[in-house]
Amino acid sequence: MSWITGVGLTPFGRREGRTTLDLMSEAAAAALAGAGVAREGVDGVICGYSTTLPHLMLSTVFCEHFGLRPAYAHAVQLGGATGFAMVMLAHLLVRAGAAERILVVAGENRLTGQSRDSAVQTLAQVGHPAYEVPLGPTIPAYYGLVASRYAHEHGAAPEDLAELAVLMRANAARHPGAHLRAPVTVAEVMASKPIAAPLRLLDCCPVSDGGAAILVAREPGPGGGVRIAGAAQTHPHQHVSAAPSLTVFGAGACAARALAQAGRSLADVRYAGIYDSFTITLAILLEDIGLAPRGGAGRLAREGHFSAGGPVPLNTHGGLLSYGHCGVGGAMAHLAETWIQMRGLAGDRQVPPPATALLHGDGGVLSSHVSLVLEQPA
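- If you look the chain up in an unreviewed UniProt entry, it shows as Thiolase family protein from Methylobacterium crusticola.

See the structure below:
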């Protein structure tokens, strides 16, 4: 058994003068303070990668900077799935007795710490080096391809995807730390700049500076905690050209295994934190997992199913699409918000504290999947 006993989340957006290590430290300090744990009480550290600080030993570089001397340190690289994969690893290590308290931390000045050309070049390397990269596509182009196939198979209109962008912005409007807070309409999403047909600018997450940290412990601690009840991974492919399908991916199998491990079903889920780098990402994952019918995620969003007052509130902080995307820390913000909601600490954006929550992240182009099931003890 393992518990999340503290979370730290910085505001996302333009954080001028803040380095990767600064942002990681800000989030880590908040997580430890929330859990009432001193730095000496941390005996494990797992961190993600940073495109603006691509050090081969980032975990120990951070430990030195932050003043930690753990018995275990590790860095993980799994694209957008990294954040949840790190939490899963911490969960397994704590259960195995390898550590008592593991700090999972990520942060990056991805907006202000690199040029636009550098960012595009880095993301372009996700493709297959022989069959994809030479043709020049970037991440939005790959997801545009997926969105085109999705529309063809399910008859979904671009306006359906736009509903998800509208919902995420409405959620972000209630969070003071969100990168993009101004409400938008479906018409505004549809009128935004074309990026990779059929995706437009507001179908895409912003590039942000920010950081997030999660403390995973063997015991709930004096302040209580949220239990990690299930965790699973699935890796059906790496490159789009090798994917067996462009509409059915590994998210469903992954979430089903995590739920089974927790002794739960989708019917038990009362909150969802789902990766949303693009509106099509969110639609595909919701439908693959079974939280929405095929082609129906946008319709359910329009009907209020995923709103704060709906049956399954979704990404109440605004998700990657509006809270922002700072690399590995982007998905970890979903987990931080889930913990805050489960503890009843969300203030004006609080939903009925869910007993069971499902989180899912993906890396690459819907390539690597990680699902987590969190439970609030009765």
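So much for the structure itself; the text now carries on.
Considerations on the overall build of the chain
No. 1: Looking only at helices and strands, the chain features 12 helices and 11 strands.
No. 2: What you see for the chain is a C-alpha radius of gyration of 19 Å, in line with the 21 Å of a compact globule of 378 residues.
No. 3: Expressed as lengths along the three principal axes of its C-alpha atoms, the size of the chain is roughly 55 × 45 × 40 Å.
No. 4: Burial statistics for the chain: of 378 residues in total, 57% are counted as buried.
No. 5: Considering only residue pairs separated by 6 or more positions, the chain has 76% of its internal contacts joining residues 24 or more positions apart.
No. 6: Here the chain has roughly 14,000 Å² of accessible surface; of this, 56% comes from carbon and sulfur atoms.

Details of the environment of glycine 309
No. 1: Note that glycine 309 resides in the loop between α10 (297-302) and α11 (319-322).
No. 2: Taking the relative accessible area as the measure of exposure, glycine 309 reaches 81% and is therefore exposed.
No. 3: Sequence spacing of glycine 309 and valine 351 is 42 residues, and the spatial spacing of their C-alpha atoms is 7.0 Å.

What about the nonpolar core?
Grouped burial of nonpolar side chains is what soluble globular proteins tend to show.
No. 1: Val104, Ile214, Ile274, Ile280, Leu286, Phe306 and Leu314 are the most contacted members of the largest nonpolar core, which totals 89 residues.
No. 2: Apart from residues lying up to four places away in sequence, phenylalanine 306 is in contact with Leu167, Leu286, Leu291, Ala292, Ala297, Leu300, Ala301, Val312, Pro313 and Leu314.
No. 3: With 20 residues, the next largest nonpolar core counts Val37, Val42, Val45 and Leu103 among its residues.

Describing the packing of aromatic side chains
No. 1: Taken as a whole, this structure holds 3 aromatic pairs when the rule is applied.
No. 2: Aromatic side chains phenylalanine 62 and phenylalanine 66 sit 5.2 Å apart centroid to centroid with 15° between the ring planes, which places their arrangement in the stacked category. With a gap of 4 residues between them, phenylalanine 62 and phenylalanine 66 both fall in helix α2 (residues 58-66), about one helical turn apart. Accessibility classification places phenylalanine 62 together with phenylalanine 66 in one group, the buried group.
No. 3: The ring of phenylalanine 66 carries the charged tip of arginine 39 above its face, separated from the ring centre by 3.7 Å.

Looking at the packing of helix α5 (residues 139-154) against helix α9 (residues 279-289)
No. 1: At a closest axis distance of 10 Å, the pairing of α5 and α9 adopts a crossing angle of 55°. In terms of axis orientation, α5 runs oblique to α9. For the crossing formed where α5 meets α9, the hand is left-handed. Contacts between α5 and α9 involve Tyr143, Val146, Ala147 and Tyr150 from the first element and Ile280, Thr281, Ala283, Ile284 and Glu287 from the second.

Notes on the pairing of strand β7 (residues 209-217)
No. 1: The element β7 is extensively covered by neighbouring structure, given that 9 of its 9 residues are classed as buried.
No. 2: Residues Asp209, Gly211, Ala213, Leu215 and Ala217 line one face of β7 and the alternating positions Gly210, Ala212, Ile214 and Val216 line the opposite face, and both faces are buried.
No. 3: Alignment of strand β1 (residues 2-9) against β7, held across 6 bridges, turns out to be antiparallel. Within β7, the residue paired with tryptophan 3 across the bridge is alanine 217.

A few points about the sheet that holds strand β11 (residues 368-375)
No. 1: As summarised here, the arrangement of the 9 strands in space is β3-β2-β4-β7-β1-β8-β11-β10-β9, forming an open sheet in which the pairing is mixed. Two strands lie at the open edges of the sheet, namely β3 (72-75) and β9 (271-274), each paired on one side alone. The mean angle between the axes of side-by-side strands here comes to 25°, regardless of whether they run parallel or antiparallel.
No. 2: Along the sheet, helix α1 (residues 20-35) contacts β1, β2 (44-47), β4 (101-109) and β7; its crossing angle with β4, the most-contacted strand, is approximately 145°.
No. 3: Strands in contact with helix α8 (residues 251-262) are β8 (226-234), β10 (356-363) and β11; relative to β8, the strand with the most contacts, it is inclined by about 145°.

Let's talk about the environment of isoleucine 289
No. 1: Tracing the backbone through its elements, the reader meets isoleucine 289 in helix α9.
No. 2: A relative accessible area of 7% means that isoleucine 289 is categorised as buried.
No. 3: Separated by 157 residues in sequence, isoleucine 289 and glutamate 132 have C-alpha atoms that sit 28 Å apart.
No. 4: With residues near it in sequence (within four places) discarded, isoleucine 289 still touches Ala251, Gly252, Ala255, Leu266, Ile274, Leu358 and His360.

As for the pairing of β9
Side chains on a regular strand alternate between the two faces of the sheet.
No. 1: Residues Tyr271 and Gly273 of β9 are buried on one face, and the alternating residues Ala272 and Ile274, pointing to the opposite face, are buried as well.
No. 2: Pairing of β9 with β10, which is carried by 4 bridges, proceeds in the parallel orientation. Bridged to alanine 272 within β10 is leucine 358.

Focus: the environment of leucine 372
No. 1: By secondary structure assignment, the location of leucine 372 is in strand β11.
No. 2: Taking the C-alpha atoms as reference, leucine 372 lies 21 Å from alanine 35; in sequence the two are 337 residues apart.
No. 3: The residues contacting leucine 372, other than those within four sequence positions of it, are Phe84, Val87, Met88, Gly230, Ala231, Leu335, Ala357, Leu358 and Leu359.

Observations concerning α8
No. 1: With 12 residues, α8 ought to run about 16 Å at 1.5 Å a step, and its terminal C-alpha atoms sit 17 Å apart, in line with that.
No. 2: Taken residue by residue, α8 has Ala251, Gly252, Cys254, Ala255, Ala258, Leu259 and Ala262 as its buried positions. All buried residues of α8 lie within an arc of 165° about the axis, which places them on one face of the element.
No. 3: Where α8 ends, the next residue or the one after it, glycine 263, has phi of about 70°, a positive value.

Cut-off values and rules
- Residues numbered from 1 in each chain as written.
- Predicted model: local features only at pLDDT ≥ 70, side-chain atom pairs only at ≥ 80, totals over all residues.
- Heavy atoms only, no water.
- Helix = DSSP H or I, 4+ residues; strand = E, 2+ residues; numbered from the N terminus.
- Rg over C-alpha atoms; globule rule 2.2 N^0.38 Å.
- Buried < 20%, exposed > 50% of the residue type's maximum accessible area, 1.4 Å probe, protein only.
- Contact = heavy atoms within 4.5 Å.
- Areas by Shrake-Rupley, 256 points an atom, 1.4 Å probe, with all protein chains shown as cover.
- Core = buried A, V, L, I, M, F, W, Y, C linked by side-chain atoms within 4.5 Å.
- Phe/Tyr/Trp six-rings, centres within 6.5 Å; stacked < 30°, edge-to-face > 60°.
- Lys NZ or Arg CZ within 6 Å of the ring centre and 35° of its normal.
- Axes fitted to C-alpha atoms, helices over the stretch in contact; angles between N-to-C directions.
- Parallel < 35°, antiparallel > 145°, perpendicular 65-115°, else oblique.
- Left-handed = near helix turned anticlockwise from the far one by under 90°.
- Pairing = 2+ DSSP bridges.
- Expected span 1.5 Å × (residues − 1).
- Arc of directions from axis to C-beta.

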